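# An overview of the molecular structure
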Amino acid sequence: MSDDITVLDSHEARVGSFTVRRALPRRQLRTVGAWCFADHMGPAEVTETAGLDVGPHPHTGLQTVTWLVEGAVLHRDSLGSEQLIRPGELNVMTAGHGVVHAEEAADTYRGTMQGVQLWIAQPEESRHGAAAFAHHADLPRATVDRTDLTVLAGEFAGERSAAQVDTPLVGADAVVRPGRSTWELRADFEYAVIALEGEVFVGGEVAKPGQIASLGRGRQEIDLEARETSRVLLLGGEPFDDPLVMWWNFVARDRSEISAAVAEWRDRGARFGGVDSRLARIPSPVPPWMSA
Ligand code: MN
């Protein structure tokens, strides 16, 4: 028996001067495997005054995964990385105990920007460890029926991404041409499909941009059907059972860990390094349980 398919609406959030559609976390869907956060940015115009300009901010206990459909973003971090990312490429930053990064768009690119930013919760074994950054310019591709896939993380359709991940999971960009595609799935994984461009029927349920179709677990395969060429993002993984506490840009296991991270960022402690960015450092909002 497999779970039912549930289509959920994303909620709108602001990142830099962009409005994004946040597909994860939702109240009804906190995680898909270890994927714990998913923003669909754009398509939107990058201009003198509007862009994905996110100043230096910290992360803990997660990996950020950036994938662009259109546009360009300049990544800078406290490890000294400076990396322009373009469509077809992947940036993976591992926070571990702590890292700081900035994402700049307006100075380096004019035109349409569209992409996704995803977070992967790190397991106990790696979440206190060292930070890292990797850029993957060449990602494996596969075609399944009428779908052209790029494997961003993990393994799908017999292709494996070189991106380092700490738990069994998959992330894939999929361009679905008109007609039906049947994808083989793993019954021990849970999955979700985020619609990025066009309408796609996922196991018979329609999903359009701004929506995420949760497939649950227990499935051997899924049918996708598009009337016009469409694009979706497939996320999946082994259910991640650790109790996550997420506040702002921190992923932890309890409130005291969050409080410690908030205080160290506020106090400019050694845990979080600096980033060479023209953008202003972003202060952390104070959680309601921390006294002023
Ligand atoms: Mn970030």
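For the structure, see preceding data.
The following refers to the structure shown. (Residues numbered from 1 in each chain as written. Predicted model: local features only at pLDDT ≥ 70, side-chain atom pairs only at ≥ 80, totals over all residues. Heavy atoms only, no water.)

## Notes on the overall build of the protein chain
What the protein chain contains, in helices and strands, is two helices and 25 strands. Relative to a compact globule of 292 residues, whose C-alpha radius of gyration would be 19 Å, the protein chain shows 18 Å and is just as compact. Each principal axis of the C-alpha distribution contributes one length, and for the protein chain these read about 55 × 40 × 30 Å. The buried share of the protein chain, taken over its 292 residues, is 56%. In the form shown here, the protein chain has an accessible surface area of approximately 12,500 Å², with 46% of it arising from carbon and sulfur atoms. Mean positive and mean negative side-chain charge positions of the protein chain (28 and 42 charges, respectively) differ by 4 Å. (Helix = DSSP H or I, 4+ residues; strand = E, 2+ residues; numbered from the N terminus. Rg over C-alpha atoms; globule rule 2.2 N^0.38 Å. Buried < 20%, exposed > 50% of the residue type's maximum accessible area, 1.4 Å probe, protein only. Areas by Shrake-Rupley, 256 points an atom, 1.4 Å probe, with all protein chains shown as cover. Lys, Arg positive; Asp, Glu negative; His and termini not counted. Charge placed at Lys NZ, Arg CZ, Asp CG, Glu CD.)

## A closer look at the coordination of the manganese ion
The manganese ion binds to the protein through His57 (NE2), His59 (NE2) and His101 (NE2), with metal-donor distances spanning 2.1 to 2.2 Å. In terms of primary sequence, the donors binding the manganese ion are separated according to H-x1-H-x41-H. Residue histidine 57 is found in strand 5 (residues 54-59), and its partner histidine 101 is found in strand 10 (residues 99-104); the two are separated by 44 residues along the sequence. We classify histidine 57 as buried; its relative accessible area is 4%. The exposure class assigned to histidine 101 is buried, which follows from its relative accessible area of 1%. (Donors = N, O, S within 2.8 Å, 3.2 Å for Na, K, Ca; no water.)

## A look at the sheet that holds strand 3 (residues 18-24)
The seven strands are arranged 2-3-4-11-6-9-12 in an open sheet whose pairing can be described as antiparallel. In this open sheet, the two edge strands, each paired with only one partner strand, are strand 2 (11-15) and strand 12 (132-136). Within the sheet, the average angular offset between the axes of one strand and its neighbour, ignoring direction, is 20°. In the sheet, strand 2 pairs with strand 3 via five bridges, with the strands oriented antiparallel. By the bridge assignment for strand 3, glutamate 12 is matched with arginine 21. (Pairing = 2+ DSSP bridges. Axes fitted to C-alpha atoms, helices over the stretch in contact; angles between N-to-C directions.)

## Focus on the packing of aromatic side chains
Aromatic ring pairs are described here by two measures, namely the spacing of the ring centres and the angle between the planes. One pass over the structure, following the stated rule, counts seven aromatic pairs. Arranged with centres 5.9 Å apart and planes meeting at 45°, the rings of phenylalanine 189 and tyrosine 191 form a pair that is tilted. Among the aromatic residues, those joined into a cluster by ring pairs are Trp248, Phe250, Trp265 and Phe272. Looking at arginine 281, its charged tip hangs above the ring of tryptophan 265, at a distance of 3.7 Å from the centre. (Phe/Tyr/Trp six-rings, centres within 6.5 Å; stacked < 30°, edge-to-face > 60°. Lys NZ or Arg CZ within 6 Å of the ring centre and 35° of its normal.)

## Here's the deal with the side chain of serine 259
As for its position among the elements, serine 259 is in helix 2 (residues 255-266). Classification of serine 259 as buried rests on a relative accessible area of 15%. At 2.8 Å, the side chain of serine 259 and the side chain of tryptophan 289 are in polar contact. (Polar contact = N/O pair within 3.5 Å; in protein donor to acceptor, adjacent residues only side chain to side chain.)

## Some points on the pattern of salt bridges
Tallied over the entire structure, the rule returns 17 salt bridges. Between arginine 127 and glutamate 124 there is a salt bridge, with its nearest N and O atoms 2.8 Å apart. Here the residue arginine 127 and the residue glutamate 124 both occupy positions in helix 1 (residues 124-127), the gap between them amounting to three residues, near one helical turn. Look at arginine 127 and you get buried, because its relative accessible area is 7%. For glutamate 124, a relative accessible area of 36% gives the class partly exposed. (Salt bridge = Lys/Arg side-chain N within 4 Å of Asp/Glu carboxyl O.)

## Some details on the sheet that holds strand 7 (residues 73-77)
The strands that make up a sheet pair up through hydrogen bonds in the backbone, lying either parallel or antiparallel. Strands sit in the order 5-10-7-8 across an open sheet of four strands; the sheet is antiparallel. Two strands lie at the open edges of the sheet, namely strand 5 and strand 8 (82-85), each paired on one side alone. Across this sheet, the average inter-strand angle for adjacent strands is 25°, counted without regard to direction. Note that strand 7 and strand 10 share four bridges and pair antiparallel.

## A few points about the environment of phenylalanine 156
Within the secondary structure, phenylalanine 156 sits in strand 14 (residues 147-156). Here the alpha-carbon distance between phenylalanine 156 and glutamate 184, two residues 28 residues apart in the chain, equals 8.6 Å.

## Some points on the environment of glutamate 184
Within the fold, glutamate 184 resides in strand 17 (residues 179-184). Sequence separation of glutamate 184 and alanine 263 is 79 residues, and the distance between their C-alpha atoms is 46 Å. Not counting residues within four places of it along the chain, the set of residues in contact with glutamate 184 comprises Phe156, Gln220 and Glu221. (Contact = heavy atoms within 4.5 Å.)

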